[in-house]
Amino acid sequence: MGEPLWDARSRPSPGPDAVVVGAWTPASPLDVTRQRQHLADALRAGPGAPDADALERLLLAFEELASNGVRHGRAPVHAAVTAFDGCWLLEVSDAAGGRAPTPAVGRDPARGGLGLHLVARLCSSHGWQPEGVRKTVWALIEHAGTTGPG
């Protein structure tokens, strides 16, 4: 079975009922880790706890894509999560518009660099979109709704 590809394609349009969960501007790997915690706190504080498995997939995708933006993109990096229609849209943009996300090929997993492969497997849809001097890498994470009252 072939590895998932990161194709250039338009991200989904959330629509009028979408809710922005949060937006961040990470400048370092430490910022990414802190902002991942802010995202988790925001979702857990909302009206009903999110499905634990779906939340973990979102948090992992956030960490991987935002880290890639900080490490391999060009500042400023922006990350945002929007909730709509039973899913979360994660968007990470940077100022390296001409540089496509490139999954590692043939690399020893011990050396890292496999985050794009991981995100592709965790998400129902993913891609990237050039926008002038910027690009947006996006992932769509479906969730089963909430557990508990909501």
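Note that this is a predicted model, so its numbers are computed, not measured. (Residues numbered from 1 in each chain as written. Predicted model: local features only at pLDDT ≥ 70, side-chain atom pairs only at ≥ 80, totals over all residues. Heavy atoms only, no water.)

Draft legend 1. Fine view of the overall build of the protein. A tally of helices and strands in the protein yields three helices and seven strands. What you see in the protein, going N to C, is helices and strands ordered as β-α-β-α-β-β-α-β-β-β. Sorting the 150 residues of the protein into buried and exposed places 43% on the buried side. (Helix = DSSP H or I, 4+ residues; strand = E, 2+ residues; numbered from the N terminus. Buried < 20%, exposed > 50% of the residue type's maximum accessible area, 1.4 Å probe, protein only.)

Draft legend 2. Looking closely at the sheet that holds strand β3 (residues 78–84). If you walk across this open sheet you meet the five strands as β1-β3-β4-β6-β5, and the pairing is antiparallel. With one partner strand each, in any of the chains shown, β1 (19–24) and β5 (125–131) form the two edges of the open sheet. In this sheet, neighbouring strand axes are inclined to one another by 15 degrees on average, regardless of whether the strands run parallel or antiparallel. Packing against the sheet, helix α2 (residues 52–72) makes contact with β1, β3, β4 (87–94) and β6 (134–142), and its axis sits at approximately 10 degrees to β4. (Pairing = 2+ DSSP bridges. Axes fitted to C-alpha atoms, helices over the stretch in contact; angles between N-to-C directions. Contact = heavy atoms within 4.5 Å.)

Draft legend 3. Representation of the packing of α2 against helix α3 (residues 115–122) within the structure. Two elements in contact, α2 and α3, have axes separated by 10 Å at closest approach and are oriented at 145 degrees. The way α2 lies across α3 gives a crossing that is left-handed. Facing R57, L60, A61, E64, L65 and N68 of α2, the residues of α3 in contact are G115, L116, L118, V119 and L122. For the contact of α2 with α3, the residue count by class is seven nonpolar, two polar and two charged. (Left-handed = near helix turned anticlockwise from the far one by under 90°. Nonpolar A, V, L, I, M, F, W, Y, C, P; charged D, E, K, R; others polar.)

Draft legend 4. Summary view of unusual backbone geometry. For the bond from A75 to P76, the omega torsion is 0 degrees, close enough to zero to count as cis. Examined against the element boundaries, P76 turns out to sit in the loop between α2 and β3. Positive phi outside glycine occurs at D85, with the angle close to 45 degrees. Along the chain, D85 turns up in the loop between β3 and β4. On the accessibility criterion, D85 (70% relative accessible area) is exposed.

Draft legend 5. Inspection of the pattern of salt bridges at higher detail. Going through the model one piece at a time under the given rule, you end up with six salt bridges. Salt bridges sharing partners connect three or more residues here, namely R11, E91 and E131. (Salt bridge = Lys/Arg side-chain N within 4 Å of Asp/Glu carboxyl O.)

Draft legend 6. Up close: the packing of helix α1 (residues 29–44) against α2. Two numbers describe how α1 lies on α2: the axes approach to 9 Å, and their chain directions differ by 155 degrees. Here α1 lies roughly antiparallel to α2, going by the angle between them. Once α1 is placed against α2, the crossing between them reads as right-handed. Taking contact as the criterion, the partners of P29, V32, T33, Q35, R36, L39, A40, L43 and R44 in α1 are, on α2, L55, E56, L58, L59, L60, F62, E63, A66, S67, V70 and R71. Each residue belonging to the contact of α1 with α2 can be placed in one class, and the counts come to twelve nonpolar, three polar and five charged. (Parallel < 35°, antiparallel > 145°, perpendicular 65-115°, else oblique.)

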